[in-house]
Amino acid sequence: MADLGISHAHVNQYGSVPTKKPLTTRHRLQTVLHGAIFTAAFLFVVAMVCGVVG
């Protein structure tokens, strides 16, 4: 078998179970910003479809 450079002792480190990390302030701010941008874009498209804009 080919040696991929991954020792068997650390294979479970890349498992499918994600480790829970506390949310940093930067991550929380990015999440809020992305949510606001998505909401604004969605409302803009709805306004265009309803004839309010354009």
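What this report covers is the structure whose coordinates are included nearby. Fair warning: this is a prediction, and the values are worked out from it, not measured in the lab.

## A word on the overall build of the protein chain
The helix and strand inventory of the protein chain stands at one helix and zero strands. The buried share among the 54 residues of the protein chain stands at 2%. With an accessible surface of roughly 5600 Å², the protein chain has 68% of that area assigned to carbon and sulfur atoms.

## Re the environment of Thr24
Note on placement: Thr24 falls in the segment before helix 1 (25–50). On the accessibility criterion, Thr24 (47% relative accessible area) is partly exposed. From its side chain, Thr24 meets the backbone nitrogen of His27 in a polar contact 3.2 Å long.

## Regarding a nonpolar patch on the surface
Together, Phe44, Val45, Met48, Val49, Val52 and Val53 line one region of the surface with nonpolar side chains, adding up to about 590 Å² of accessible area. Among the secondary structure elements, Met48 is positioned in helix 1. Relative accessible area serves as the criterion here: at 46%, Met48 is assigned to the partly exposed category.

Quick notes on the rules
Per chain, the residues get numbers from 1 upward, laid out in the order the sequence is written. The model is predicted, so local features are restricted to residues of pLDDT at least 70 and side-chain atom pairs to those at 80 or more, both for listing and for counting; the totals for chains, interfaces and linings are taken over all residues. The basis for every side-chain value is the complete set of non-hydrogen atoms in the structure, without hydrogens or water. Runs of H or I in DSSP of at least four residues are treated as helices and runs of E of at least two as strands, each being numbered from the N terminus. Relative accessible area decides the class of each residue, using a 1.4 Å probe on protein chains only: under 20% of the type maximum gives buried, over 50% gives exposed, and in between gives partly exposed. Methods summary: accessible areas were calculated by the Shrake-Rupley approach with a probe of 1.4 Å, and residue burial reflects only the protein chains presented. Throughout this description, a polar contact denotes any pair of N or O atoms lying within 3.5 Å of each other; where both atoms belong to protein, one of them has to be capable of donating a hydrogen while the other can accept it, and for residues adjacent in sequence the pair is counted only when both atoms sit in side chains. Residues with no salt bridge and a relative accessible area higher than 30% make up the patches, which join like charges within 9 Å and nonpolar side chains (Val, Leu, Ile, Met, Phe, Trp, Tyr) within 5 Å. Here a salt bridge means any side-chain nitrogen of Lys or Arg lying within 4 Å of a carboxyl oxygen belonging to Asp or Glu.

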